[in-house]
Amino acid sequence: MKKLAAGNWKMNGTAAALAEVKALIDAYPDPACEMLLCPPATLIAQMAWAARGSVLKIGGQDCHTGTSGAHTGDISAAMLADAGASYVILGHSERRADHGERDALVRAKAEAARAAGLTAVICVGETEAERDAGRTLEVVGSQLAGSVPDGATAANAVIAYEPVWAIGTGRTPTLAEIAEVHGHLRARLAERFGPEAAGMRLLYGGSVKPSNATEIFAVANVDGALVGGASLKAADFGAIVGALSAAD
Ligand code: 13P
């Protein structure tokens, strides 16, 4: 399995930020891990052009369930692919919170992504109240069951565990807590998908930065990271790529 360092730019970045992409590619022309950036939709085609001929992959941050039609403001998976994307983040907690996305919708979007040839990065994660109530494994297990489609494979699906309370806060779970959740996700995937589950990449996301990446990547069943704020600067994201490349 090739590990994955994925950056989620969220609603950040204009054309001027493409200089960071060029710097990243120059610094990491051939990392041992896979390298992915998911810019806002407005930058996908330009970023794909900037990354042409390099190992950097480009992804979207959301897609519609349909292929085309009367859905003002929405973007289909096929359109993302056409713009140069090979991945799409789905079910991020910010979309679940800001747009009321539920598991069934995330699952339908993942089906659409698969049909368009995109790899879906499907996100799960508990709120602080859910963790405090001791419901973390129940919540992420139920999100996983509801959001991952039956046709998921190691090639077309990546799972990202992002505790909502760790996103953009500088706080992270303990390494033991990350290990517990990732072990749980792997076990649930194995129950459902059998041996295929061993190859499905499980990313940790939530305040990953150069200073904590190495210890997080040493945790069992952590196959990479989904990085927000620290993915905006080539120096920071590059350091995380370097840490993942150096991990066993
Ligand atoms: P931060 O790395 O900024 O905490 O964001 C994590 C995230 O939500 C990535 O999808």
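Along each chain, numbering runs from 1 in the same order as the chain's sequence is written. Residues qualify for local features only when their pLDDT is at least 70, as the model is predicted, and side-chain atom pairs are given and counted only at 80 or more; totals for whole chains, interfaces and linings, by contrast, use all residues. With hydrogens and water excluded, all non-hydrogen atoms of the structure serve as input to the side-chain values.

Student: Help me understand the overall build of the protein in this model?
Tutor: Strands are runs of DSSP state E lasting at least two residues, helices are runs of H or I lasting at least four, and both sets are numbered from the N terminus onward. The number of helices and strands found in the protein is ten helices and eight strands. Principal axes of the C-alpha set define a box for the protein whose edges measure 45 × 45 × 35 Å. Per-residue burial for the protein yields a buried fraction of 50% across its 248 residues. Whether two residues are in contact is decided by their heavy atoms, any of which lying within 4.5 Å being enough. The contacts of the protein with a sequence gap of at least 6 include a subset with a gap of at least 24, amounting to 73%. Here the open area of atoms and residues is found with the Shrake-Rupley method and a 1.4 Å probe, where only the protein chains shown may cover a residue. Put simply, the protein shows about 10,400 Å² of open surface, and 54% of that area lies on carbon and sulfur atoms. Relative accessible area decides the class of each residue, using a 1.4 Å probe on protein chains only: under 20% of the type maximum gives buried, over 50% gives exposed, and in between gives partly exposed.

Student: Is there a simple way to think about helix α5 (residues 103-115) in this case?
Tutor: One less than the residue count of a helix, multiplied by 1.5 Å, gives the span that helix is expected to have. Along its 13 residues, α5 runs 18 Å from first to last C-alpha, staying within 8% of the 18 Å computed at 1.5 Å per residue. What α5 keeps buried is the set Asp 103, Val 106, Lys 109, Ala 110, Ala 112 and Ala 113. On its buried face, α5 sits against α3 (77-83), β4 (87-90), α4 (93-98), β5 (119-124) and α7 (136-147). Of the residues one or two after α5, Gly 117 is the one with positive phi, at around 85 degrees.

Student: Just checking my understanding: could you explain the site of the ligand for this structure?
Tutor: The local shell around the ligand holds 13 residues, among which Lys 10, His 92, Glu 162, Gly 168 and Ser 207 are the closest. Think of a polar contact as two N or O atoms within 3.5 Å of one another; within protein, one of them needs to be a possible hydrogen donor and the other a possible acceptor, and neighboring residues in sequence only count if both atoms come from side chains. In the environment of the ligand, an oxygen atom lies 2.8 Å from a nitrogen or oxygen atom belonging to the side chain of Lys 10. One of the side-chain N or O atoms of Glu 162 is found 2.9 Å from an oxygen atom in the ligand. In the complex, the protein chains occlude 94% of the 300 Å² of accessible area that the ligand would expose alone. In the shell around the ligand, the residues fall into four nonpolar, seven polar and two charged. Note on definitions. A residue lies near a molecule or strand when any single heavy atom of the residue is within 4 Å of it. Residues were grouped as follows: Ala, Val, Leu, Ile, Met, Phe, Trp, Tyr, Cys and Pro as nonpolar; Asp, Glu, Lys and Arg as charged; and all remaining residues, including Gly, as polar.

Student: In this structure, what is going on with the pattern of salt bridges? I would like to understand it.
Tutor: Opposite charge on two side chains makes pairing possible when the charged atoms of those side chains draw close. We count a salt bridge whenever a side-chain nitrogen from Lys or Arg sits within 4 Å of a carboxyl oxygen from Asp or Glu. All told, the structure shown has 17 salt bridges when counted by the stated rule. One salt bridge connects Lys 57 with Glu 34, and the closest N-O pair in it is separated by 2.7 Å. Of this pair, Lys 57 sits in strand β3 (residues 57-60) while Glu 34 sits in strand β2 (residues 34-38); the two residues are 23 residues apart in sequence, bridging distant segments of the chain. Glu 34 sits in the buried class, given a relative accessible area of 13%. Each of Asp 62, Arg 95, Glu 101 and Lys 109 takes part in a single network of salt bridges with overlapping partners.

Student: Whenever I open this one, unusual backbone geometry confuses me. Can you help?
Tutor: Excluding glycine, most residues fall at negative phi; most peptide bonds, likewise, are trans. Notably, Ser 207 is not glycine yet its phi reads approximately 60 degrees, a positive angle. Turning to its location among the elements, Ser 207 is positioned in the loop between β7 (202-205) and α9 (210-217). The residue Asn 221 is not glycine, and still its phi comes out positive at about 70 degrees. Tracing the sequence through the fold places Asn 221 in the loop between α9 and β8 (224-227).

Student: Hey, could you run me through the confidence of the model for the protein in this one?
Tutor: Interpretation of the predicted coordinates at a detailed level should be avoided for regions scoring low in pLDDT. Chain-level statistics for the protein give a pLDDT mean of 98 and a share of 100% at 70 or above. One confidence number per residue, pLDDT, is output by the predictor and ranges from 0 to 100. Ranking the elements of the protein by mean pLDDT puts helix α1 (residues 18-27) last, at 96, and β4 first, at 99.

Student: Whenever I open this one, α9 confuses me. Can you help?
Tutor: Because the α-helix completes a turn every 3.6 residues, residues three or four places apart line up on one side. Along α9, the residues that are buried comprise Asn 212, Ala 213, Ile 216 and Phe 217. The arc that holds the buried residues of α9, viewed along the axis, is 130 degrees, so those residues lie on one side. α9 presents Ser 211 and Thr 214 as exposed residues on the side facing more than 90 degrees away from its buried surface. Those residues of α9 that are buried are in contact with α8 (175-193), β7, β8 and α10 (234-246). In this description, one arc is meant: the one made by directions from the helix axis to the C-beta atoms.

Student: Please explain the packing of α7 against α8 as it appears in this structure.
Tutor: The relative placement of two packed helices is expressed as an angle between their axes plus a distance between the axes. With axes taken as lines fitted to C-alpha atoms, and helix axes fitted only over the stretch in contact, angles between N-to-C directions fall between 0 and 180 degrees. As a packed pair, α7 and α8 sit with axes 10 Å apart at the nearest point and diverge in direction by 40 degrees. Here α7 runs over α8; the crossing is right-handed. Taken together, the residues of α8 that come into contact with α7 (itself represented by Thr 136, Leu 137, Val 140, Gly 141, Leu 144 and Ala 145) are Glu 180, Val 181, His 184, Leu 185, Arg 188, Leu 189 and Arg 192. A crossing counts as left-handed when the near helix is turned anticlockwise from the far one by less than a right angle, and as right-handed when that turn is clockwise.

Student: Help me understand the packing of aromatic side chains, please; the structure alone is not making it clear to me.
Tutor: Where two aromatic rings form a pair, the distance of their centres and the angle of their planes describe that pair. Aromatic rings from Phe, Tyr and Trp, taking only the six-membered ring of Trp, are treated as a pair when their centres fall within 6.5 Å; an angle between ring planes under 30 degrees marks them as stacked, one over 60 as edge-to-face, and anything in between as tilted. Inspection of every chain in the model, using the stated rule, returns one aromatic pair. A cation over a ring is seen here: Arg 52 above Trp 49, with NZ or CZ 3.9 Å from the ring centre. As a reminder, the over-ring test applies to NZ of lysine and CZ of arginine, requiring each to be within 6 Å of the ring centre and within 35 degrees of the ring normal.

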